[in-house]
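Chain by chain, the residues:
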Amino acid sequence: MTTATDIRLADDNDHEWLYTLHELAHRALVEEAYGPWDDAQQSDFFAALITDYDAYVVESAGQPIGSLYLGTRDEDTFVALVEITPGQQGQGLGTSVLNWVAEYSQREGRGTVLQVHKLNPAAKRLYERLGYEPAGETETHFLLRRPAGLPA
């Protein structure tokens with residue numbers, strides 16, 4: 001099993017790679033849920049991510065393999081998005097990233113909240129396995145929360 005070895009704040013030099021990863025990781029889901037990929041619309045979505053959240057690059061063996069976008073929502077750490085390169089998925093990296101977020105949240109005395117698209121049941125199962133519990137839903141997403149104090 002591969003694990004994330006480093007999570008660092010992204011800088012301006014990372015933005016092109018982060019957008020490419022966004023397309024690689026989400027294009028199929030976006031097209032299934034909303035229709036053809038609209039690059040202008042997705043560029044706007046990505047620009048909002050970079051502006052509204054702290055963007056992180058996940059690295060393994062010194063190479064970028066994922067991204068993480070964090071903010072705050074109702075006193076909890078909000079995971080806006082986690083993306084792992086398709087070739088690296090299923091190797092424990094998502095779990096490693098979410099454990100890092102849980103430790104971060106614990107240090108801050110917070111719970112963690114995230115949303116997962118209803119068309120992504122594998123991600124929902126992962127989150128539930130890591131202690132996230134149902135906290136609501138929208139037409140397209142489940143909202144899940146991991147209470148403060150759970151061990152990472």
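Residues numbered from 1 in each chain as written. Predicted model: local features only at pLDDT ≥ 70, side-chain atom pairs only at ≥ 80, totals over all residues. Heavy atoms only, no water.

> Mind laying out the pairing of strand β4 (residues 76–84), listing which residues take part and the relevant values?
β4 sits mainly inside the fold: 9 of its 9 residues count as buried. Direction of pairing for strand β3 (residues 63–73) relative to β4: antiparallel, over a ladder of 8 bridges. In the sheet register, Leu70 faces β4, and the bridge partner there is Val79. Taking the residues between adjacent antiparallel strands as the criterion, β3 and β4 are bridged by 2 residues, where Asp74 takes a positive phi near 50°. Bridge analysis of β4 against strand β5 (residues 112–117) gives 3 bridges, and the strand direction is parallel. By the bridge assignment, Thr77 is partnered in β5 with Thr112. (Buried < 20%, exposed > 50% of the residue type's maximum accessible area, 1.4 Å probe, protein only. Helix = DSSP H or I, 4+ residues; strand = E, 2+ residues; numbered from the N terminus. Pairing = 2+ DSSP bridges.)

> Got a sec to walk through the nonpolar core? Specific residues and values, please.
Counting 21 residues, the largest nonpolar core has Leu68, Val79, Val97, Leu98, Leu114, Tyr127 and Tyr132 as its most contacted members. Tallying contributions element by element places helix α3 (residues 93–108) first for this core, with 4 residues. Once you skip the residues sitting within four places of it in the chain, Leu114 turns out to touch Phe78, Val79, Leu98, Tyr127, Tyr132, Phe142, Leu143 and Leu144. If you look at the next biggest cluster of nonpolar residues, it comprises 14 residues, including Tyr19, Trp37, Ala55 and Leu81. (Core = buried A, V, L, I, M, F, W, Y, C linked by side-chain atoms within 4.5 Å. Contact = heavy atoms within 4.5 Å.)

Worth remembering: the numbers are spatial, not functional.
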